[in-house]
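# Working through the structure, step by step
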Amino acid sequence: AVWGEMGRPGRPPVEPRGERGRVGVNPRLETIYAHSPVFLQNACISLYGRRIRRQRFNRDYDRWVELFERSERWGPDELGDHQDRALASLVAHCYERVPFYRRAMDERRLRPADVATRRDLYKLPIVTKDLIREDPSAFLARGVRAGSLK
């Protein structure tokens with residue numbers, strides 16, 4: 001490849017590292033970056049940093065910060081109530097979208113309303129590594145591809 005043969009003075013040519021680059025970057029882009037002038041490298045890094053910042057500080061970020069700021073002053077009862085609401089929402093989501101939990105709850109004749117508080121957690125099965133290894137796809141919510149997980 002032309003890029004692999006090119007080298008800058010004092011620096012050996014840079015070859016891509018395997019299938020993915022250093023931090024999941026396309027190896028060809030990594031090679032182009034390594035052989036670009038410094039001003040262009042700086043521009044690329046600035047754009048990459050901006051992309052990461054947008055991913056981290058997306059719309060949900062403000063909502064989470066507001067929740068954390070509010071919840072740091074909650075007493076045990078308020079915190080428990082919030083945890084119970086979040087748990088009920090999570091159990092409903094899992095029942096509707098995650099095959100393992102749908103099957104486990106159906107076997108126990110449970111509905112999401114039956115696991116509405118922290119005190120109801122004992123009704124759900126304990127998930128072990130062996131259970132996950134038996135059928136990993138059963139733990140993925142419908143519509144989620146395994147390759148899309150970070």
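For every chain, the first residue of the written sequence is number 1, and numbering continues from 1 along that sequence. Given that this is a predicted model, residues contribute local features only at a pLDDT of at least 70 and side-chain atom pairs are listed and counted only at 80 or more, while totals for whole chains, interfaces and linings are drawn from all residues. Note that water and hydrogens are dropped before the side-chain values are worked out from all heavy atoms of the structure.

Here the focus is the nonpolar core. Residues belong to one nonpolar core when they are buried, are Ala, Val, Leu, Ile, Met, Phe, Trp, Tyr or Cys, and are joined through side-chain atoms within 4.5 Å. Under the scheme applied here, a residue whose accessible area is under 20% of the maximum for its type counts as buried, over 50% as exposed, and between as partly exposed, the area being computed with a 1.4 Å probe on protein chains only. Formed by L87, V91, Y95, M105, L110, V115 and L124, the largest nonpolar core amounts to 7 residues. Runs of E in the DSSP output that reach at least two residues are strands. Runs of H or I that reach at least four are helices, and both are numbered from the N terminus. When residues of this core are assigned to their parent elements, the largest contribution, 3 residues, is made by helix α5 (residues 76-97). Ignoring sequence-local partners within four residues, the contact set of L124 consists of V91, M105 and V115. Contacts are assigned to residue pairs with any non-hydrogen atoms lying within 4.5 Å of each other.

So, on to unusual backbone geometry. Its identity as a non-glycine residue notwithstanding, R109 has a phi of 55°, on the positive side. Of note, R109 is situated in the loop between α6 (99-107) and α7 (129-134). Given a relative accessible area of 74%, R109 falls into the exposed group.

Moving on, we come to the side chain of D84. Inspection of the secondary structure puts D84 in helix α5. Beyond its immediate stretch of four places on either side in the chain, D84 contacts A116, T117 and R118.

Overall, the prediction assigns the protein a mean pLDDT of 84, with 83% of residues at 70 or greater. Of all the helices and strands in the protein, helix α1 (residues 2-5) carries the lowest mean pLDDT, 44, while α6 carries the highest, 96. What pLDDT reports is the predictor's confidence in each residue, on a scale of 0 through 100. Segment residues 1-7: pLDDT under 50, and 8 contacts once partners within four positions in sequence are set aside and those in other chains are kept.

Glancing now at the pattern of salt bridges. In what follows, salt bridge is the name for a side-chain nitrogen of Lys or Arg lying within 4 Å of a carboxyl oxygen of Asp or Glu. The final tally for this structure, using the stated rule, is 8 salt bridges. Note that D60 is salt-bridged to R63, the shortest N-O span being 3.5 Å. With D60 and R63 both in helix α4 (residues 59-71) and 3 residues apart, the pair spans about one turn of that helix. Judged by its relative accessible area of 38%, D60 falls in the partly exposed class. With a relative accessible area of 48%, R63 lands in the partly exposed category. Here R111 and D106 are joined by a salt bridge, their closest N and O atoms 3.0 Å apart. Classification of R111 by relative accessible area gives partly exposed; the value is 44%. Owing to a relative accessible area of 34%, D106 belongs among the partly exposed residues under this scheme.

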